[in-house]
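Chain by chain, the residues run as shown.
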Amino acid sequence: MNEDLALDLLSGNIVYLLAAAFIVLVILKGVRIVPQSEKHVVERFGRLRAVMGPGINFIVPFLDVVKHKISILERQLPTASQDAITRDNVLVEVETSVFYRITEPEKTVYRIRDIDAAIATTVAGIVRAEIGKMDLDEVQSNRAQLISTIKASVADAVDDWGIEVTRAEILDVNLDQATRDAMLQQLNAERARRAQVTEAEGRKRSVELQADAELYAAEQTAKARRIQAEAEAYATEVVAKAIRDNGIEAAQYQVALKQVEALNALGNGSGKQTIVVPAQALEAFGDAFKLLKGRS
């Protein structure tokens with residue numbers, strides 16, 4: 001009895017139940033929740049209809065289809081190596097890495113098939129072109145400028161693909177063994193040249209200092225001679241004044257004093273205790289002693 005009643009109720013309300021189920025299905029098909037890290041590309045009959053951003057979005061059920069789900073997170077291309085020739089004809093191997101993110105999914109979806117391969121090829125061509133404009137020394141020393149130029153060139157090249165290049169890096173610049181050996185020889189030669197220059201500068205400085213020392217010694221000798229000459233001139237002046245004031249006796253006294261000093265010097269000399277003196281000298285010394293005695 002209960003089963004028959006349930007069947008009667010179900011058969012009488014089947015239309016309403018189907019309508020309710022259809023409404024629920026329409027709601028589920030028409031409401032789309034997009035994550036923060038994605039954008040969804042919507043097509044209608046195979047053509048671009050809209051690009052849905054993060055949050056709740058509404059589409060026309062059964063007509064609109066979410067065809068592509070694109071991540072807008074920053075991506076990193078695998079590290080790539082490419083050969084390049086510098087302006088001074090040196091073969092180098094450059095390792096690069098590029099970071100990018102998709103800003104306009106509709107361009108990325110409909111204008112390029114393999115975005116990673118396309119960016120890698122573009123980067124390789126730009127790196128070869130830019131390094132070909134520089135010498136090897138410039139590549140090594142101006143890496144920051146080279147990275148900035150590569151990033152700007154890549155950004156211009158991929159602008160039509162709806163991509164933003166956030167960073168481009170040159171990880172390493174490798175040289176072949178022959179170039180490394182040549183650079184090592186050049187480095188050793190430069191070190192030897194600097195050592196020779198330093199040694200020559202040291203010798204030059206030594207000569208300059210020696211010349212300064214000799215000049216200083218000469219100046220001091222000349223100064224000493226000048227002082228000695230001034231002293232002798234002063235002594236002569238004093239003697240002359242004494243002669244002028246006291247007559248010939250002052251001169252005889254000075255001569256006698258010098259004679260006695262000479263005799264003392266001879267007597268005090270090593271190995272000269274026995275002295276042979278001429279008779280005239282003895283008479284002069286006697287007169288000197290008399291004068292000295294008289295002066296005392």
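Residues numbered from 1 in each chain as written. Predicted model: local features only at pLDDT ≥ 70, side-chain atom pairs only at ≥ 80, totals over all residues. Heavy atoms only, no water.

Colleague: Help me understand the overall build of the protein, please; the structure alone is not making it clear to me.
Modeller: Along the protein, the regular secondary structure elements total nine helices and nine strands. In the protein, buried positions account for 22% of the 296 residues. The contacts of the protein with a sequence gap of at least 6 include a subset with a gap of at least 24, amounting to 65%. Counting every atom, the protein has about 20700 Å² of accessible surface; 56% of that belongs to carbon and sulfur. (Helix = DSSP H or I, 4+ residues; strand = E, 2+ residues; numbered from the N terminus. Buried < 20%, exposed > 50% of the residue type's maximum accessible area, 1.4 Å probe, protein only. Contact = heavy atoms within 4.5 Å. Areas by Shrake-Rupley, 256 points an atom, 1.4 Å probe, with all protein chains shown as cover.)

Colleague: Explain the UniProt feature "transmembrane region" (unreviewed entry) in the protein to me, please; I cannot follow it from the model alone.
Modeller: If you check UniProt for "transmembrane region" (unreviewed entry), the listed places come out as residues 14–34 in our numbering. Between the first and last C-alpha atoms of residues 14–34 the distance is 35 Å; the span itself is 81% helix and 19% strand. (UniProt positions renumbered as here; feature names shortened; annotations may be inferred.)

Colleague: Got a minute to help me understand the nonpolar core in this structure?
Modeller: One recurring pattern in soluble globular proteins is that nonpolar side chains are buried together. Counting 32 residues, the largest nonpolar core has Val92, Ile119, Ile131 and Trp161 as its most contacted members. Of all elements in the fold, only β8 (91–102), α4 (115–131), α5 (136–141), α6 (143–157) and β9 (163–175) reach the threshold of two or more residues within this core. Looking at this core, the element that brings in the most residues is α4, giving seven residues. If near-sequence neighbours (up to four positions away) are discounted, Val92 is found in contact with Gln82, Asp83, Ala84, Thr86, Ile131, Leu136, Val173, Asn174 and Leu175. (Core = buried A, V, L, I, M, F, W, Y, C linked by side-chain atoms within 4.5 Å.)

Colleague: How do you make sense of unusual backbone geometry when you look at a structure like this?
Modeller: It is generally the case that most residues other than glycine have a negative phi and that most peptide bonds are trans. Unlike most non-glycine residues, Phe62 shows phi in positive territory, near 70°. Relative to the helices and strands, Phe62 is located in the loop between β4 (55–58) and β5 (64–71). Despite not being glycine, Asn89 has its phi angle at roughly 60°, a positive value. A relative accessible area of 67% means that Asn89 is categorised as exposed.

Colleague: I would appreciate a short explanation of the pattern of salt bridges in the present structure.
Modeller: Note that side chains of opposite charge can pair when their charged atoms are close. Counted under the stated rule, the structure contains 11 salt bridges. The salt bridge partner of Arg194 is Glu190, with a shortest N-O separation of 3.2 Å. Taken together, the residues span about one helical turn, with Arg194 and Glu190 both in helix α7 (residues 177–246) at a distance of four residues. Assessed through its relative accessible area of 26%, Glu190 is described here as partly exposed. A salt bridge links Arg226 to Glu230, with the nearest nitrogen and oxygen atoms 3.1 Å apart. Here Arg226 and its partner Glu230 are both found in helix α7, four residues apart, which amounts to about one turn of the helix. Note on Arg226: relative accessible area 45%, which makes it partly exposed. For Glu230, a relative accessible area of 45% translates into the label partly exposed. Linked through salt bridges whose partners overlap, the residues forming this network are Arg87, Asp135 and Glu138. (Salt bridge = Lys/Arg side-chain N within 4 Å of Asp/Glu carboxyl O.)

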